[in-house]
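Structural description and commentary
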Amino acid sequence: MDTNSENKTSFFHRFRKSRLFWPLVALALILIFDAIYAPGFFKIGILDGHLYGNLIDVFNNGAPLILVAIGMTMVIATGGVDLSVGAVIAISAAMGAVLINPAFGNELISNEILTQNVSKTPLPLIVLANLGAGTACGLWNGFLVSRAKIQPMVATLILMVAGRGLAQLITNGQIMTIYYTPYFFFGNGFILGIPVAMYIVAAVLLLAWFLVRKTSIGLFVESVGINDKSTYYSGISEKNVKLLAYTFCGFCAAVAGLILSSYVHSADANNIGSNYELDAILSVVIGGTLMAGGRFSLLASVIGAVVIRTFTITMYTIGVPANALLAAKAVLVLLVILLYSEQSRRLINSLFEGKKERRDA
Amino acid sequence: MHRIKKFLFKNGPLLATILIFFIVYAIGGQLYPAMRKPQVFFNLFINNASLLIISIGMTLVVIMKGIDLSVGAMIALTSVASAALLQQNFPPLLVILMMTLMGILFGLTMGAITHYLKVEAFVVTLMGQFFARGMAYVINRSSITITDDFYKFLALTKIHVPFFENAYVYITSLVAIVLLVVTFIILVFTRFGRTVYAIGNNEQSALLMGLPVARTKLIVYAFSGFCSALAGIVFSISLTSGFGGYALSMEMDAIASVVIGGTALTGGVGNVFGTLFGVLINGIIVTILQFNGTLTSWWTRIGVGILTLIFIGIQSLFYVRKKHT
Amino acid sequence: MAANNHEILRIENISKSFPGVQALQNVNFCLKKGEIHALVGENGAGKSTLIKVMTGVEKPDQGRMLYDGVEMKIKSPQHANNIGISTVYQEVNLCTNLSVAENILLGREPRQFGGKINWKAMNTRAKEIMLGLDVDIDVKAPLATFSTAIQQITAIARALEISSTKVLILDEPTSSLDVRESDLIFQCMRKLRETGVGIIFITHFINQIYEVSDRITVLRNGKLVGTYDTENLPTISLIQKMIGRSLAEYEDMEKAKQDPDKQQVLIETNNLGRSGTVQPTDLTLKTGEVVGMAGLLGSGRTGVAKLIFGVEEPDTGDIRVDNQPVDKHSPHESLLRGIALCPEDRKESGILGDLTIRENIILAMQARMGWFKYLNKKQQYEIAQKYIDMLNISTPSSDQLVKNLSGGNQQKVILARWLATHPKLLILDEPTRGIDVGTKAEIQKLVISLANEGMSCMFISSELEEVMRTSNRIVVMRDQEKVTELPGDTTEHNIMQAIAGAD
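Residues numbered from 1 in each chain as written. Chains lettered and ligands numbered in written order. Predicted model: local features only at pLDDT ≥ 70, side-chain atom pairs only at ≥ 80, totals over all residues.

Let us now look at the interface of chain A and chain C. Often, the extent of an interface is quoted as the loss of accessible area upon association of its parts. At the interface, 20 residues of chain A touch 25 residues of chain C. Secondary-structure elements contributing two or more residues to the side of chain A that touches chain C are helix H11 (217–226) and helix H12 (228–233) of chain A. Among the elements that take part in the side of chain A that touches chain C, H11 of chain A stands out by supplying five residues, more than any other. In terms of residue class, the side of chain A that touches chain C is made up of six nonpolar, nine polar and five charged. (Contact = placed C-beta atoms within 7 Å. Helix = DSSP H or I, 4+ residues; strand = E, 2+ residues; numbered from the N terminus. Nonpolar A, V, L, I, M, F, W, Y, C, P; charged D, E, K, R; others polar.)

Put into structure tokens, the structure is as follows:
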């Protein structure tokens, strides 16, 4: 590698080595597929002064997933995993709904009271409660992992199981339909024709990017994922790094819960955010972060999430039923994981290198 | 005195599980006198037959320090697939055979991927879960009713329990119990069974001891696949239908049962007998909620979640200390 | 059998080199049937490489090996096992959740019809085997309930039973055992000697060598020093042969200048100890001095370093840094107090292989600055480049991954990581292990020049010469205890005598 590194600094070479390369290739493949089989896919129109179309949908509908993927990236980079994100979304959504109108859970109250466009709690407080609940869940996961030393998968599995129960406890087991219009702003609103959800994603991404690139947290997270003993010996509190990662992941899931419940106008503790843990792990894996932890890229994970959303919408567009999609996705992930494995990477690299040498000769 | 202490130490988590079961049962009996009927106890075996079956498979996987998140979805897939085949007038015995073969192959594939390609078991089996659930919906998006006579015969034949008047179980409950006994014998009395324990304790050591690690791991995942297919058949028999939405999150109930039954998620420790009580505790909580009527089912989840956490705590107390002394 | 003098294993002219290190150089070794043969040498002497060659883990670059008179190429550990060469490590490779009987017999267990394990026969057989080794225990109990000594004997029993072992290698079996437990192992070894098994015994406890071994082979710096009959080799000359004087030529190196008027007490420990690793120890370190720690492996050197750096919490006593008592013990707190440690196990607790050199170097500095004061890329490159130049780290750029560097350069990166924090005390635990001679000298010179600038340094090394060359004061450790303190210009003989003890 060292011997001929000089003549290889071409843009293409650097791009190919970059973490964004493979996720973008995947995205490109899907878009090419769309261009051939679903030409209508790329249509972007303006309706009531708002942008709409599949491509906008990828970001608008995909906002919760992108958010969760950002949080999940941090956790996976420390060498852990968070299976509870779906449940945390449910808890966050339930929290919002119940604060708008605690009577939602009571079946005996007449419809007139329920369907009023009012909130019992000021909106900022609702948002704060949403985010607080999710962040607290993340803190709990982080505590179990870093202080109680429970394996990440097990620790978060507990909240994955019990979390939906908790959400139902909050909603009293009812599907709470929300009629308070200001709350819909987060999921359905537009600013300058662009969905509000996209602004929120940008804000969280900016926050995460700031934490990762402008503070030492990013470096610490990577070093914990690579070798937590060496990290500890270097004078870094590896426990607090893990705690922070899980807490941040909880926060991201909470924001996702806010957007999602606002988008669907309801909080259904059983179904909201279901399978998000799969999609989030998938996004991170497609983004090239190893499940074992270490090096990570937030942007690559975001692209990973976009790939999944695009894939999903494409499948819908060509008429694959929602449920069959699950099977296809599962196969996709497995292929991606195999593709990223050491062996196959070496194989691909050697193919590239081989070609280049032949051309040089 | 020393022996008693040793016995308690060795079987602490299991005894705690059994004790909790009886305490919960007694509380239920106090609150709702109708629960004291013997049939209520036997209903636990009727209602939880498929949970018990997948939990048995899960026990082996967890003892081996693995995990199988695909079992719930496999139940759904098997139920739909068998219902669809029966609709096409396939002979029921052939359907059952095909389903178990499918389960074994499915488990084997996942085992091979996690062992040879070194992908974490929970990732592979999570993918397995989504694949199976998706395939179930691909076969049919709505529920298919089973009208086959043989299935109906299996579903409706009561077997009277000796010594208890009017108490009965169904054939499916017997299947679960036979599987339990067979698995118990395999775990305790065969080289394969002991190798499972050895791998769970330390895979590297097991390899250095010259034990067949790869083969054992594949067989265990195949066994779990077999169990989930069997559970799917039992499930479809008891509901006489197949549907892709069946057994949602049931893998969580199975894992919780296994953990509550004293099997350590850190591997190497546990037995299927404890798993039986884990399943029964799960069942008794549901039963009490049913008798109560006003509390909704989500209390089960919270209860089971808390119990799981407590048991992980107990385990680390027992086993971690044991390892360090 | 009258074949007691017969050789079972003979190794001729074995050499083995790793990138940057000549691990073995023309080593000869011979093991007789029915003897206990101690293999000794300090870290990096080549003991473990020699064992790896014998057991097929590493292939020698040259030389040949005769097993039972036949030339043999060992392909893998399994192969070694099959032909009767078994190794029992300090870390027992058994399954602690299974019973002793299973651990001995699993894979060859007595079975009944249908493949069912005959537990009764298995337990009886295991009991017999263990009684044969003079150990009377409940073989049905899980292995985890027994002491490490019993676990090791179980491993030996398995080796004998499953592989019909003729050569048994015991790799530091007693390093975590107390006297009574060690006796159990010795008893077992003597019993095996009678049956004609050749035993290679690796230990760093000198008294144990004299207790059980028949012959001793000493290695130093990858070369054979010699093989001796135990009864003809006095302790002091054994230590001399182990530690010896290396042939490497160093330029004139002057020790750090000491100026008692300017020096202040930096670290003071009072009865500092932790059960199992360090007996209560009093120690004083002054600014601008290099304090050497001499003593054999396991003498508590590393334990003291870990206590001062806060990796482990002390049970007894206290530490004062700059006259302030220390109440929180952790590497992070130590970092803030200006204490640094280059740990002895570089791979496990030193480097972060998948990070770049730059990131590895700024890591501790960044840890001290906290989460939110982040060095920007430009500063990072500057700092990294400064230390790459200062320490002569050979790399094309600071963006190389540390895992791709040689051992010596990795050590320099860790050193750079700590120097970047400008520590008041730098603890170096075996900083020159597995490093070529040139780099060794560089690191020693660096230590002295840093001390001249006022830094205090604790230099732990198995190489006595190194310690003598750098230190202003030498603390000698034995059996987890500080035995004595010697001035820097003391003689090698004095140190060795202190290490060997009064007997």
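Now that the structure has been shown, the text picks up again.
All names here are of chain B. Running from amino to carboxyl end, helix H12 (residues 250–260) crosses helix H13 (residues 272–292) at an angle of 120 degrees, the nearest separation of the two axes being 7 Å. It follows from the interaxial angle that H12 and H13 lie oblique. Crossing of H12 over H13 shows right-handed handedness. Taking contact as the criterion, the partners of Asp253, Ala256, Ser257, Val258 and Ile260 in H12 are, on H13, Thr275, Gly278, Val279, Ile281 and Asn282. Classifying every residue of the contact of H12 with H13 by side-chain character gives five nonpolar, four polar and one charged. (Axes fitted to C-alpha atoms, helices over the stretch in contact; angles between N-to-C directions. Parallel < 35°, antiparallel > 145°, perpendicular 65-115°, else oblique. Left-handed = near helix turned anticlockwise from the far one by under 90°.)

Once that is clear, we can look at the domain arrangement of chain A. All names here are of chain A. Taken domain by domain, chain A holds domain 1 (63–319) and domain 2 (328–361). Facing five residues of domain 1, the contacting portion of domain 2 comprises five residues. Top element by residues in the side of domain 1 that touches domain 2 is helix H14 (residues 276–286). It accounts for three residues. Counted by class, the side of domain 1 that touches domain 2 contains four nonpolar, one polar and no charged residues. (Domains from an automatic or database assignment.)

What follows is about the confidence of the model for chain A. All names here are of chain A. Summing up the model confidence of chain A, the mean pLDDT is 81 and the portion of residues at 70 or higher is 83%. Helix H17 (residues 342–360) is the least confidently modelled element of chain A, averaging 58 in pLDDT, while helix H4 (residues 63–77) averages 94, the highest of any element. This stretch, residues 1–8, has a pLDDT under 50; its non-local contacts, to residues over four places away or in other chains, come to two contacts. (pLDDT = per-residue confidence, 0-100.)

Our next topic: the interface of chain A and chain B. Of the residues lining the interface, 30 residues belong to chain A; the matching set on chain B comes to 30 residues. Counting only elements with at least two residues in the side of chain A that touches chain B, the list comes to helix H8 (152–171) and helix H16 (322–340) of chain A. Across the side of chain A that touches chain B, the residue classes break down as 22 nonpolar, six polar and two charged.

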